Amino acid sequence: MTEPVSFDRIWEEKYAAGHAQRYPWDVVVSFVFRNAPRDRPRQDVRILEVGCGTASNLWFAAREGFSVAGIDGSESAIDYAKKRFAEDGLDGDLRVGDFTALDFADGSFDCVIDRGALTCCGFTALKQAVSEVRRVLKPGGRFLFNPYADSHSSARAGKPAGDGLTNDIAGGSLTGVGQILFVGRQQVCALLAEGWALHQVQRLELTDMLAPEGSIHAEWRVIAEKTS
């Protein structure tokens, strides 16, 4: 298999070594319950996660009765997810692939989730990935965009790696997670300027007062709707 151009190899190494996220992130749970269509049976509502990892978010959504699909660059992560779904009697379309070239038809999904995945690729790949997310969403479909913000302490604790990326992060809450694109408000709004309606643009900052100089964990929680 050709490795996705947007994929940071460190994640295959982590998943192959046994790393696994088993439970959903709170931001995803809130997004699904607030934004999934309510005028249809849940099995008719389709949810896609880009960079799904071991698919803990999709595991939650599938248990709630939604139709789910996920894509990730790590074979080990997808293998784990498929086995877990099978053990729990859940259905899910889980694939190894590249989120800059989604192998799904136009207008296929009601919701798309990005929980800290698109932020792991450079700005060029990020723009293409957001374009692909818009393509596979139905008109009126909602997108959860959850990258790390440029006020994050880890943004100043690494080395520039080209195309906006920071690598070799040696401080803050993102130590050892490979390359990260820390984005500012102007970048967020520019990415979602055409063909989108913004419903939420929040920057969440948590300060660890026990860490040296009060380490800040900062992320964006953006909800956008495909307008046409």
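Quick note: structure is the one above.
Attention in this report is confined to the structure presented alongside it. These figures come from a predicted structure and were not determined experimentally.

Within the open sheet, the 7 strands sit side by side as E3-E2-E1-E4-E5-E10-E9. Their pairing is mixed. Edge positions in the open sheet fall to strand E3 (93-96) and strand E9 (196-208), since each of these has one partner strand only. Shown here is a sheet whose adjacent strand axes are inclined to one another by a mean of 15°, direction ignored. Judged from the 4 bridges that link them, strand E2 (residues 67-72) and E3 form a sheet pairing that is parallel. What sits directly across from glycine 70, in E3, is leucine 94. Those strands touched by helix H3 (residues 56-63) are strand E1 (46-50), E2, E3 and strand E4 (109-115), and its axis lies near 170° from that of E2.

Despite not being glycine, alanine 55 shows a phi value in the positive range, around 65°. Of note in the backbone geometry, aspartate 163 takes a positive phi value of approximately 55° without being a glycine. Locating aspartate 163 in the fold gives a position in the loop between strand E6 (159-162) and strand E7 (165-167). The exposure class of aspartate 163 is partly exposed, given its relative accessible area of 38%.

With that settled, the discussion passes to the packing of aromatic side chains. Tallied over the entire structure, the rule returns 6 aromatic pairs. With 6.0 Å between their ring centres and 80° between their planes, tyrosine 23 and tryptophan 59 make a pair best called edge-to-face. Linking tyrosine 23 in the loop between helix H1 (10-16) and helix H2 (26-35) with tryptophan 59 in helix H3, this pair joins segments that are 36 residues apart in sequence. Since its relative accessible area comes to 53%, tyrosine 23 is described here as exposed. Since its relative accessible area comes to 10%, tryptophan 59 is described here as buried. Ring pairing ties together the aromatic residues Phe143, Phe145 and Trp196, which thus form one cluster. The ring of tryptophan 59 carries arginine 84 above its face, with NZ or CZ at 3.9 Å from the centroid. Directly above the ring of tryptophan 25 sits arginine 115, whose terminal nitrogen or CZ lies 3.8 Å from the centroid.

Right, let's talk about the environment of serine 173 for a bit. Residue placement: serine 173 occurs in the loop between E7 and strand E8 (180-181). Distance from serine 173 to phenylalanine 145, taken between C-alpha atoms, is 20 Å for residues 28 residues apart in sequence. When residues no more than four places from it in sequence are discounted, the contact partners of serine 173 are His152, Ser154, Ser215 and His217. Within polar-contact distance, the side chain of serine 173 engages the side chain of histidine 152 at 3.0 Å. Within the local environment of serine 173, its side chain forms a polar contact with the side chain of histidine 217, the two groups lying 2.7 Å apart.

This part covers the pairing of strand E10 (residues 215-226). Here E10 lies mainly inside the structure; 11 of its 12 residues are buried. By the bridge criterion, 4 bridges tie strand E5 (residues 137-146) to E10 in an arrangement that is antiparallel. Each bridged residue has a counterpart across the sheet, and for phenylalanine 143 the counterpart in E10 is alanine 224. Examined bridge by bridge, E9 and E10 share 12 bridges and lie antiparallel to one another. Of the residues in E10, the one forming a bridge with leucine 198 is alanine 224.

Relative to the assigned elements, alanine 155 resides in the loop between E5 and E6. Alanine 155 gets classed as partly exposed once you look at its relative accessible area, which sits at 23%. As for alanine 155 and leucine 181, which are separated by 26 residues in sequence, their C-alpha atoms are 8.4 Å apart. Each residue touching alanine 155, except ones within four places of it in the same chain, is listed here: Asp150, Thr166 and Phe182.

Basis of the calculations
- Residues numbered from 1 in each chain as written.
- Predicted model: local features only at pLDDT ≥ 70, side-chain atom pairs only at ≥ 80, totals over all residues.
- Heavy atoms only, no water.
- Pairing = 2+ DSSP bridges.
- Helix = DSSP H or I, 4+ residues; strand = E, 2+ residues; numbered from the N terminus.
- Axes fitted to C-alpha atoms, helices over the stretch in contact; angles between N-to-C directions.
- Contact = heavy atoms within 4.5 Å.
- Buried < 20%, exposed > 50% of the residue type's maximum accessible area, 1.4 Å probe, protein only.
- Phe/Tyr/Trp six-rings, centres within 6.5 Å; stacked < 30°, edge-to-face > 60°.
- Lys NZ or Arg CZ within 6 Å of the ring centre and 35° of its normal.
- Polar contact = N/O pair within 3.5 Å; in protein donor to acceptor, adjacent residues only side chain to side chain.

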